[in-house]
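Architecture at a glance
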Amino acid sequence: MYKKDRNWKKIVDQDVNSPRYIGDIKVKEVIVRNTLYDEDSYSSELITDIKMLKNKGSKKQWIEVVGLHEADKIMSICNLFDIHPLTVEDILNTAQNSKQEEYKNYLFINLKELTIGNDTNKLETSQLSVIYMENLIITFKESETETLSDICKKLESKAPISSLGMDALLYEILDDLVDNYFLVLDEISEDIDNTEDALLIDPQPDLLHEIYRLKRILIYMRKVLWPTRNILNKLSKEDYYDISNKTTYYFRDIYDHTIQMIDIVETYRDICSGMLDTYLSSISNKTNDIMKVLTIFSTISVPLTFLTGVYGMNFINQPELHFKYGYHIFWIAAVGITFSMLYYFRKKKWI
Amino acid sequence: MYKKDRNWKKIVDQDVNSPRYIGDIKVKEVIVRNTLYDEDSYSSELITDIKMLKNKGSKKQWIEVVGLHEADKIMSICNLFDIHPLTVEDILNTAQNSKQEEYKNYLFINLKELTIGNDTNKLETSQLSVIYMENLIITFKESETETLSDICKKLESKAPISSLGMDALLYEILDDLVDNYFLVLDEISEDIDNTEDALLIDPQPDLLHEIYRLKRILIYMRKVLWPTRNILNKLSKEDYYDISNKTTYYFRDIYDHTIQMIDIVETYRDICSGMLDTYLSSISNKTNDIMKVLTIFSTISVPLTFLTGVYGMNFINQPELHFKYGYHIFWIAAVGITFSMLYYFRKKKWI
Amino acid sequence: MYKKDRNWKKIVDQDVNSPRYIGDIKVKEVIVRNTLYDEDSYSSELITDIKMLKNKGSKKQWIEVVGLHEADKIMSICNLFDIHPLTVEDILNTAQNSKQEEYKNYLFINLKELTIGNDTNKLETSQLSVIYMENLIITFKESETETLSDICKKLESKAPISSLGMDALLYEILDDLVDNYFLVLDEISEDIDNTEDALLIDPQPDLLHEIYRLKRILIYMRKVLWPTRNILNKLSKEDYYDISNKTTYYFRDIYDHTIQMIDIVETYRDICSGMLDTYLSSISNKTNDIMKVLTIFSTISVPLTFLTGVYGMNFINQPELHFKYGYHIFWIAAVGITFSMLYYFRKKKWI
Amino acid sequence: MYKKDRNWKKIVDQDVNSPRYIGDIKVKEVIVRNTLYDEDSYSSELITDIKMLKNKGSKKQWIEVVGLHEADKIMSICNLFDIHPLTVEDILNTAQNSKQEEYKNYLFINLKELTIGNDTNKLETSQLSVIYMENLIITFKESETETLSDICKKLESKAPISSLGMDALLYEILDDLVDNYFLVLDEISEDIDNTEDALLIDPQPDLLHEIYRLKRILIYMRKVLWPTRNILNKLSKEDYYDISNKTTYYFRDIYDHTIQMIDIVETYRDICSGMLDTYLSSISNKTNDIMKVLTIFSTISVPLTFLTGVYGMNFINQPELHFKYGYHIFWIAAVGITFSMLYYFRKKKWI
Amino acid sequence: MYKKDRNWKKIVDQDVNSPRYIGDIKVKEVIVRNTLYDEDSYSSELITDIKMLKNKGSKKQWIEVVGLHEADKIMSICNLFDIHPLTVEDILNTAQNSKQEEYKNYLFINLKELTIGNDTNKLETSQLSVIYMENLIITFKESETETLSDICKKLESKAPISSLGMDALLYEILDDLVDNYFLVLDEISEDIDNTEDALLIDPQPDLLHEIYRLKRILIYMRKVLWPTRNILNKLSKEDYYDISNKTTYYFRDIYDHTIQMIDIVETYRDICSGMLDTYLSSISNKTNDIMKVLTIFSTISVPLTFLTGVYGMNFINQPELHFKYGYHIFWIAAVGITFSMLYYFRKKKWI
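The structure displayed is predicted, hence computed values, not measured ones. (Residues numbered from 1 in each chain as written. Chains lettered and ligands numbered in written order. Predicted model: local features only at pLDDT ≥ 70, side-chain atom pairs only at ≥ 80, totals over all residues. Heavy atoms only, no water.)

1. Things to note about the arrangement of the chains
- Spatially, chain C and chain D are disjoint, and the shortest separation between their C-alpha atoms is 9 Å.
- At their nearest point, the C-alpha atoms of chain B and chain E are still 9 Å apart, with no contact between the two. (Contact = heavy atoms within 4.5 Å.)

Here it is, written out as structure tokens:
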């Protein structure tokens, strides 16, 4: 996500009249799937001729677009349904955060899918834009992911959702997306657990980078969750747009989930700060321990070195050197000094 | 509590039409107790056939459900009284924080019981959901605890509460729960006291983990107290729902208690931060002390080692070696140097 | 104050119908003083029979109660004047923070007296509750202090206050109390000054505890000042309760004083944080200085020890040993090395 | 920018009646360019006689002034169009932050251009003031930069903007300016990346200054972005001034961009704090490593030095000295001690 | 300023009926200057008989009082113009922060003059109170400073201000005062520059006290600027008191200046925090450097000392001692060991 934030030059070059895709994700080909359904029937097919998308019947329609790198295709779809140029720009500007805008003929919702990259262990985002009109929903997905695939199955199996209005489909889309965030939180919480355990057993310098990585992911998650929360708050208000009061209850449910997640993210951030403190003070403790070893050895050596030095001197009259048991007394003294110093350090609780 | 936060996958799999219990606590069997009372009479029995719960008389009714792991049983009770599926989901989703929701036919309140685990010393939460209707209160407790048991006794002994409305019973339930939080605070404050004392006498590395544990418990307590405060604030507003103005005064009393507790939790967090600072600077002081010992010994040894080295050399003409009292002068010099250095360190306040 | 915060169990056991005193302060006996006054007359006497308190004339009345440990006595006084049971609970629950509540027949104000304990050097609080009715003020003081004693003298000497309404008496009570806080601030500011001076001259580990103590007192002071500020803000609003607009100006004056004190408390907290930083970095500087001494001695000793070692060896052909001035050259070399190293350290600014 | 903040004395000396330029940037000469355009025609010329600026026709007019150091010229232009003296002061007071003010006959917008100085690597600001009237826009640029030059070309090439109202020109000006901020962010994000990489490979003291420089630039950027955000928020409100609702959508687009940038600046500040923590703990780790080397060498030397000392003594009866293989045993002991100590340190994970 | 904050006892003793001056500044004598002016005339004289101040004509009047220590004189002036006793108390209570109060017959504004003491280098405040009535302004200055002296000259020279209303005079007074703050900021910014430079060249312990002093001054400046900002915000609102809309523009100009200063103060505080971090980490770096020197010398000495020790031993059969070139080989080994270790440290980048 962080890298993607930096495609500024592309943003600067962008022009309302010829918007360009900002991101780096390239799907092989932009796929357009057209789904028509009502209570009794269901048809879904890949479309290549965009003009075929125009819905002539009274069936409910869902157009799924996957891949954003062919800006022309996106524009021609949008033109077909009379979408404002600024909305097209927003669909392609994947560096922007989630937001929601109401236009005369449609409601535009911009959301983020989150995954933790398998190789990089970094948080990766891809954009999901939703255009919500009467009898029509268009979704623009930046990358090919599993999200939304369950909804197709539900429609095909004629689940209750088929007989409900477009707002029920919108609910299913948002619910699917927000549920995905829980899976990211699951990975993070496992990493936090592992880091905490490692911290208590043996704190190594690489833990610092791990804590730092987790903190950074949490910063980005919060950045994504807050606007999502705001969008859902609006959707769960009574009499918003043409959403039925019955569905409003369900949006409030997703809204509660986002609050729950923000709560957890905040708690995790506190835990990460705590881990950082623990790590730093464990380094201080280690230095302390090393100092102790050094000091114990050095101080014990001082009197011993002095003694050996004294009896290595060449003065003419060092009487001790000629004592019969001088050498034995030296050893007794040396051992005695060592043990009394060890005893002193033990009393000071250094050993 | 922290572990329970992580049952995300269960949340993701959850479906409004067939909600599942999120938590880990398993009561042997889900117990359903039906209590009917009014000013004059009182009857309380365990129920196995759920249809028996339907109240036909004009008596006030309290249904206590203990244990949540049999989702079917919970659902059939809720269906009997026309509870919205989303409420059932909330009753079973024990990872969610306290909240309150008004439906057409009832008021739903979701609260947390707090205990500090005997073995783990961690904060454990279990959920208590309350459904408040005209002439009926249903409580769903996640685990078998002592909470609410006193209220039964009050009803049985025909205390004044028997003759009052359902709002008085609601007050008793909330009061009992919030009073419980004080007991948790009591344990924490004792632990803080002990930690502080230990910190002043002899700061050991395990104190850091203790401070960290306390900080974490306080983070969770605040997380629980804030929404509880908001719920009680609403209940203590005049003309809220069908709560009589008289009872409103009493809700304001519990509300004041939650504010008092939030206050204390904040103060305790400040104290914990202070203890962390004290701990860290005590490590610095220790390192300092160890350094002093090392430095004193090392610096005293330098001139002595040099002297013994000098007179251990084998130069042909070292006149001192042949002085009659050379060896004695050496000893006088050695003792003199040692004492003058000790005097210097004393002056520097290192000893 | 901190200790008193912990009487949770008493709070839990407390019951609206039989409230109990939460605190630890025991006055010998609960004293009840009844003062009747108007423009022309003044009478004040200690009362033992509580029924005697009922005011039959048209004089203004002030009932002073000192000591809270006899809950029965407090309750019977309150019952006499139709005080709500929750107010009685608040009077006895001295762990609660300052607050203000309006009832139909009276205004209840709960405040804190602050002193710094002579022995403990900790902030001690005792509660002062005020019940304000038409023609009657009742004050409940938790401990025997000097506060309010000046007001009696003013009434006795028939100062202008005698001829004014009850709101003037309320002003005098609050003014006396808030003025007291200034005296506490005075002690703290003196302690801060002393700590700062000690910090600049010679930072010792016990300063850390002093800074910590001051920070803690300031945390509690802020905790007391904020609700006091809010109470006075309400009282200084025009047309609040039956307080005359003229008196409102005076309440605004006390309100300004509380803001002034909150300001100062915040500034003192900033200063304390600054002192903590100074203390910590002074420890680092000390370690640095010790390290320098150690390093200077150790590094100078290295070449000298090597030299003496070399000429203490027993190789057969060490030509220097047999030079006539070998020993003198050795000394010149030793002194030369020492001085050149000292010069090097001087250049590095370590000496 | 920081230096420019300090021209206080000039501000103090400034007088509404004779305002002076506060900044340090000197363009060779103040350039005044007068552009007249409508759907069909376009003329643009440099003007020296300021009276020539008065527009007599019905064409749309844009007056570009580059350079502020000739206060008289600025004043005479302003007087020509009846600009309030305080606005003139604001145009010349380049130390002030962005703001917007409505006067009876015009709208005044004060903005900042941002660049990162090639030599200094510091953030440099120059001011851009816009006066927006009916059929006339006057822009005052403090320094000669590329900004706005594209707009001239658009007008000359009769892009759609030529046929739209003055609000479209205002949009182009603001869009150009805000797009510029992205380029600054681009440079910063590259520097952050480089710093992070350097931090992971080999943290050197100069990285601290780099982190510090980046933090400072981010502080200033936020300081500039917030008021810009507020200005655009106002402009994107419906029915503000005489801006058409159609253009309002476009202002909302720039507004979204500023929010996006504030978001990123906040995230970058978090990252910088994280880098600082990493840097500081990497120093601690280094000290730790150095300590380990020192301790390992010192402790190994202690027994060896003692041994050589012992057998360098001159006692008469040291039997080991006369053993045939005494010397060989000594070497075996020395090597044995060294390896067993190395083994011990390996076990302690110090090696 | 800090010292003055501590005259609490005087505040406690203060009584509304006989207010006392709280501060320490003593002007030789309280000076009262009476200035009468209109478009055509100007007279200004020192007054000793306070009754002479009563303005009988229709001229605009400005009474300047310098010095506050003679409370009686202040009171009698206030009584003459019917000023409320609480205002008199506020004029004399110089420990209070800036504020503004409206009374029936006048507007009271309380402001602070700021200077940095020449000797102490601390921020010193003195109070300036303004009473604004119809046709009359009274100013009370605590100390003799240059502030306001320019305004007299303007009036004398019949500048445009003479012909405008009293609100123009009020503007001049506030403008003069706020301009003064810029001069203080100028001194601070120069000190910050010097401190930063010193920090990069050679961080000494006394820099910590300098940073600490600057932080403290900035804390106080913010404390003074915020209420000033609020006062000016009120004055720059349309239709406030009897201030003409024309002058309102000018008050908005001063208001912008205060915001500009608050901005700068906040930025400077961030810079000070950054300097503190730099200072602390520079100490760590220093310790690190010292440790390196120590470690290099100590570790090089270990093998050398061991070698000299070995060949100083007195074993009977140490063959090396009898080699012809034993001594020379020893020297080669010693030099070789030293250089290979130096090479190792160079590779570790310690040298």
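Having seen it, we continue.
2. Considerations on the pattern of salt bridges
- If you walk through the whole model with that rule in mind, you get 54 salt bridges over all chains.
- Where K349 of chain C meets D202 of chain E, a salt bridge forms, and the shortest distance between an N and an O atom there is 3.9 Å. Residue K349 of chain C is found in the segment after helix 8 (326–347), and its partner D202 of chain E is found in the loop between helix 5 (166–201) and helix 6 (205–235); the two belong to separate chains.
- By relative accessible area, which is 27% here, D202 of chain E ends up partly exposed.
- The closest approach of N and O atoms between E101 of chain D and R252 of chain E, which form a salt bridge, is 3.4 Å. Pair noted here: E101 of chain D is in strand 4 (residues 99–102) and R252 of chain E is in helix 7 (residues 245–310), and the two residues belong to different chains.
- A relative accessible area of 8% places E101 of chain D in the buried class.
- Using a relative accessible area of 25% as the deciding quantity, one classes R252 of chain E as partly exposed.
- Residues joined by salt bridges that share partners form a network here, namely D90, K99 and E101 of chain A together with R252 and D256 of chain D. (Salt bridge = Lys/Arg side-chain N within 4 Å of Asp/Glu carboxyl O. Helix = DSSP H or I, 4+ residues; strand = E, 2+ residues; numbered from the N terminus. Buried < 20%, exposed > 50% of the residue type's maximum accessible area, 1.4 Å probe, protein only.)

3. A look at the relation of the copies chain D and chain A
- Of the transformation superimposing chain D on chain A, the axial component is 0.0 Å and the angular component is 72 degrees, with the fit at an RMSD of 0.1 Å. Taken together, these values place the two copies in the relation of a five-fold axis. When C-alpha distances to the rotation axis are compared across chain D, the minimum falls at G312 of chain D, with a value of 4.8 Å.
- When the interface residues of chain D are mapped onto chain A, a mere 14% of them again fall at the interface, so the copies present different faces. (Least-squares fit on C-alpha atoms with pLDDT ≥ 70 in both.)

4. Here's the deal with the packing of helix 6 (residues 205–235) of chain C against helix 7 (residues 245–310) of chain C
All names here are of chain C.
- Orientation of helix 6 relative to helix 7, taken along the N-to-C sense of each, is 160 degrees, at an axis distance of 9 Å. Looking at the two axes, helix 6 sits roughly antiparallel to helix 7. Two packed elements cross with a definite hand, and for helix 6 against helix 7 that hand is left-handed.
- Considering only residue class, the contact of helix 6 with helix 7 consists of 23 nonpolar, five polar and five charged. (Axes fitted to C-alpha atoms, helices over the stretch in contact; angles between N-to-C directions. Parallel < 35°, antiparallel > 145°, perpendicular 65-115°, else oblique. Left-handed = near helix turned anticlockwise from the far one by under 90°. Nonpolar A, V, L, I, M, F, W, Y, C, P; charged D, E, K, R; others polar.)

5. Considerations on the packing of aromatic side chains
- Counted according to the given criterion, the structure contains 70 aromatic pairs over all chains.
- Considering the side-chain rings of F306 of chain B and F330 of chain C, the 6.3 Å spacing of their centres and the 20 degrees angle between planes classify their relative orientation as stacked. One end of the pair, F306 of chain B, is in helix 7 (residues 245–310); the other, F330 of chain C, is in helix 8, on a second chain. Comparing F306 of chain B with F330 of chain C shows no difference in burial state: the two are buried.
- Here F315 of chain B and F330 of chain C contribute two aromatic rings whose centre-to-centre distance is 6.2 Å and whose plane-to-plane angle is 45 degrees, an arrangement assigned as tilted. Of the two residues, F315 of chain B sits in the loop between helix 7 and helix 8 (326–347) while F330 of chain C sits in helix 8, which places them in two different chains.
- By relative accessible area, F315 of chain B is classed as buried at 6%. (Phe/Tyr/Trp six-rings, centres within 6.5 Å; stacked < 30°, edge-to-face > 60°.)

6. Points about the environment of S18 of chain D
- With respect to the secondary-structure elements, S18 of chain D resides in the loop between helix 1 (8–13) and strand 1 (31–37).
- With a relative accessible area of 42%, S18 of chain D lands in the partly exposed category.

7. As for the domain arrangement of chain A
Residue and element names in this part refer to chain A.
- According to the domain assignment, chain A contains domain 1 (16–159), domain 2 (164–288) and domain 3 (289–347).
- On a C-alpha basis, the centres of domain 1 and domain 2 stand 25 Å from each other.
- At the junction of the two partners, domain 1 supplies 37 residues and domain 2 supplies 30 residues.
- Here domain 1 and domain 2 share an interface that buries about 3000 Å² over both sides, 68% of which is from carbon and sulfur atoms.
- Three residues, L114, I116 and Y132, lead the burial of domain 1 against domain 2; their summed loss comes to 22% of the area buried on that side.
- Our count for the contact surface shared by domain 1 and domain 2 stands at one salt bridge. (Domains from an automatic or database assignment. Buried area = accessible area lost by both parts, 1.4 Å probe.)

8. Examining the pairing of strand 2 (residues 42–46) of chain A
Residues and elements named next belong to chain A.
- Note: strand 1 (residues 31–37) against strand 2, five bridges, orientation antiparallel. Opposite R33, over in strand 2, you have L46 as the bridge partner.
- Between the end of strand 1 and the start of strand 2, which pair antiparallel, lie four residues. (Pairing = 2+ DSSP bridges.)

9. Structural notes on the interface of chain A and chain B
- Chain A puts 58 residues into the contact, and the matching count from chain B is 63 residues.
- Interface area lost by chain A to chain B is led by Y249, F306 and F315 of chain A, which between them contribute 12%.
- The closest approach of N and O atoms between D256 of chain A and K99 of chain B, which form a salt bridge, is 2.3 Å.

10. Some details on the interface of chain D and chain A
- At the junction of the two partners, chain D supplies 58 residues and chain A supplies 63 residues.
- Interface area, chain D with chain A, both sides summed: about 5200 Å², of which 63% is carbon and sulfur.
- For the salt bridge of E196 of chain D with R216 of chain A, the shortest nitrogen-to-oxygen distance reads 2.5 Å.
- Along the contact surface separating chain D from chain A lie 17 residue pairs in polar contact (both at pLDDT 80 or more).
- The biggest single contributor to the side of chain D that touches chain A is helix 7 (residues 245–310) of chain D, with 32 residues.
- Here the side of chain D that touches chain A is built from residues that sort into 24 nonpolar, 19 polar and 15 charged. (Polar contact = N/O pair within 3.5 Å; in protein donor to acceptor, adjacent residues only side chain to side chain.)

11. Some remarks on the relation of the copies chain A and chain B
- For the pair chain A and chain B, the superposition axis carries a translation of 0.0 Å, the fit reaches an RMSD of 0.1 Å, and the rotation angle comes to 72 degrees.
- When the interface residues of chain A are mapped onto chain B, a mere 14% of them again fall at the interface, so the copies present different faces.

12. Looking at helix 2 (residues 71–80) of chain B
Residue and element names in this part refer to chain B.
- Among the residues of helix 2, those classed as buried are A71, K73, I74, I77 and C78. Looking down the long axis of helix 2, one finds its buried residues gathered within 165 degrees of arc, a one-sided arrangement. Turned more than 90 degrees away from the buried face of helix 2 sit D72 and N79, all of them exposed.
- Where helix 2 is buried, its residues contact strand 1 (31–37), strand 3 (60–66), helix 3 (85–92) and strand 7 (136–141).
- Backbone geometry just after helix 2 places D82 at a positive phi near 65 degrees. (Arc of directions from axis to C-beta.)

13. Topic: helix 3 of chain B
- Buried residues dominate helix 3 of chain B, accounting for seven of its eight residues.
- For helix 3 of chain B, the complete set of buried residues consists of L86, T87, V88, E89, D90, I91 and L92 of chain B.
- On its buried side, helix 3 of chain B packs onto helix 7 (245–310) of chain A together with helix 2, strand 4 (99–102), strand 5 (107–116), strand 6 (123–133) and strand 7 of chain B.

14. As for the environment of Q127 of chain B
All names here are of chain B.
- Inspection of the secondary structure assignment puts Q127 in strand 6.
- Through-space distance from the C-alpha of Q127 to that of K112 is 4.6 Å; in sequence the pair is 15 residues apart.
- Q127 has contacts with D90, I91, N93, T94, Q96, N110, L111, K112, F140, K141 and E142, leaving out every residue within four places of it along the chain.
- For Q127, the side chain forms a polar contact with the side chain of N110, separated by 3.3 Å.

15. Brief notes about the state of the cysteines
- With the rule as written, the count across this model stands at zero disulfides over all chains.
- Looking at C272 of chain A, it has no disulfide partner, and the nearest cysteine sulfur is the one in C272 of chain B, 19 Å off. (Disulfide = S-S within 2.5 Å.)

16. Thoughts on the sheet that holds strand 1 (residues 31–37) of chain E
Residue and element names in this part refer to chain E.
- Spatially, the seven strands line up as an open sheet ordered 2-1-3-7-6-5-4, and their pairing is mixed. If you trace the sheet from one side to the other, it starts and ends with strand 2 (42–46) and strand 4 (99–102), each paired once. Going across the sheet, the axis of each strand differs from the next one's by a mean of 15 degrees, ignoring polarity.
- Judged from the four bridges that link them, strand 4 and strand 5 (residues 107–116) form a sheet pairing that is antiparallel. If you follow E101 over to strand 5, its bridge partner there is F108.
- Together, strand 4, strand 5, strand 6 (123–133) and strand 7 (136–141) form the strand contacts of helix 3 (residues 85–92), whose direction differs from that of strand 6 by roughly 155 degrees.

17. Topic: the side chain of K73 of chain E
- Within the fold, K73 of chain E resides in helix 2 (residues 71–80).
- Summary of buried charges: K73 of chain E has no salt-bridge partner, and the nearest side chain of opposite charge, E70 of chain E, is 4.2 Å away. (Lys, Arg positive; Asp, Glu negative; His and termini not counted.)

18. Considering the sheet that holds strand 6 (residues 123–133) of chain A
All names here are of chain A.
- In space, the seven strands of this open sheet follow the order 2-1-3-7-6-5-4, with mixed pairing throughout. Strands at the two margins of the open sheet, each flanked by one partner only, are strand 2 and strand 4 (99–102). Across the sheet, the axes of successive neighbouring strands diverge by a mean angle of 15 degrees, strand direction being ignored.
- As defined by bridge partners, strand 6 adjoins strand 7 (residues 136–141) across six bridges and the pair is classed as antiparallel. Bridging across to strand 7, L128 finds its partner in K141.
- Against the sheet, helix 3 (residues 85–92) makes contact with strand 4, strand 5 (107–116), strand 6 and strand 7, and its axis sits at roughly 155 degrees relative to strand 6, the strand it touches most.

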